[in-house]
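Summary of structural features
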Amino acid sequence: NSKVIQTPRYLVKGQGQKAKMRCIPEKGHPVVFWYQQNKNNEFKFLINFQNQEVLQQIDMTEKRFSAECPSNSPCSLEIQSSEAGDSALYLCASSLGQANTEVFFGKGTRLTVV
Amino acid sequence: TQTVSQSDAHVTVFEGDSVELRCNYSYGGSIYLSWYIQHHGRGLQFLLKYYSGNPVVQGVNGFEAEFSKSDSSFHLRKASVHWSDSAVYFCAVSGSGGNYKPTFGKGTSLVVHP
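Our subject in this report is the structure included herewith.

The rules behind each value
Each chain has its residues counted from 1, running along the sequence as written. Each chain takes a letter, starting from A, and each ligand takes a number, starting from 1, following the order in which they are written. Local features in this predicted model are restricted to residues whose pLDDT is 70 or higher, and side-chain atom pairs enter the listing and the counts only when it is 80 or higher, whereas totals over whole chains, interfaces and linings include all residues. The side-chain numbers reported here are obtained from all heavy atoms of the structure, hydrogens and water having been left aside. Here, a disulfide means two cysteine sulfur atoms that sit within 2.5 Å of each other. Secondary structure counts use DSSP, requiring at least four H or I residues in a row for a helix and at least two E residues in a row for a strand, with both numbered from the N terminus. Partly exposed residues are those whose accessible area sits between 20% and 50% of the maximum for their type, while under 20% is buried and over 50% is exposed, using a 1.4 Å probe and protein chains only. What makes a salt bridge here is a side-chain nitrogen of Lys or Arg within 4 Å of a carboxyl oxygen of Asp or Glu, nothing more.

As a further point, take the state of the cysteines. Overall, the coordinates contain 3 disulfides over all chains when judged by the stated rule. With its sulfur 1.9 Å from that of its partner, cysteine 23 of chain A forms a disulfide with cysteine 92 of chain A. The S-S bond linking cysteine 23 of chain A to cysteine 92 of chain A shows a torsion near -70°; that makes this disulfide left-handed. Taken together, the residues span a long stretch of sequence, with cysteine 23 of chain A in strand β3 (residues 19-24) and cysteine 92 of chain A in strand β9 (residues 88-95) at a distance of 69 residues. Note on cysteine 92 of chain A: relative accessible area 0%, which makes it buried. Across the disulfide from cysteine 23 of chain B sits cysteine 91 of chain B; the S-S distance is 1.9 Å. Where cysteine 23 of chain B bonds to cysteine 91 of chain B through sulfur, the torsion about that S-S bond is close to -65°, and the disulfide is left-handed. You can see cysteine 23 of chain B sitting in the loop between β3 (19-21) and β4 (24-26) and its partner cysteine 91 of chain B sitting in strand β10 (residues 87-95), a full 68 residues away along the chain. The exposure class of cysteine 23 of chain B is buried, given its relative accessible area of 0%. Taking relative accessible area as the criterion, cysteine 91 of chain B reaches 0% and is therefore assigned buried. Disulfide connectivity for chain A, with bonded cysteines indexed by sequence position, reads 1-4, 2-3.

Here you go:
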């Protein structure tokens, strides 16, 4: 069973507001991923970290999203100015980082932008 | 670039039936394949994986999957389904060599009638 902890489970924000969600990866996992899952079940990779360093991120993440994984603190993903299209399930995952190891997911934060 | 195709958006069966959920991938190098299950509105649970060795891999709850390099496939099977298996199933592929972020298919919704 996954031990990736995401908070909050639900988040409701108005357009233009900041939305921040947190993730505690499984203990000992240096790699953290963030995905956005839309209402059509499609996954969009947002960003991943190895320890505190960004490995990869998409353009959208660079412009409107900010994310970090500080040492000894939860990882976080923040949308600077929420838009209606940001309403989705945000999933955090962690792994040991080698290609042949499992990636474990948290239960997600469901963001609704009204 | 890695891609994943799940050709069946919906599969409906009855309890006790066998089921096969299809997954085809494209990737040029060594790959890591996995299946996840997602119950309505919740996070992903890891089912099973393949990286090397025996092409038939066993997972939790009686699921198994078979890797075929010639067909570029990694189909998921269960011999006898239960109503609690109703969920959305996602196939994922990760590359090696540092590009190990999973890419997901669009999912197959499995409905098991009692």
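This is not the end of the story, as more comes after the structure.
Inspection of the entire model under this criterion finds 8 salt bridges over all chains. Its salt-bridge partner being aspartate 85 of chain B, residue lysine 78 of chain B comes within 2.8 Å of it at the nearest N-O pair. Take lysine 78 of chain B: its relative accessible area is 11%, and that puts it in the buried class. With a relative accessible area of 4%, aspartate 85 of chain B lands in the buried category. Look at the salt bridges and you will find they share partners, linking Arg64, Glu83 and Asp86 of chain A into a network.

So yeah, pure geometry; function would need other evidence.
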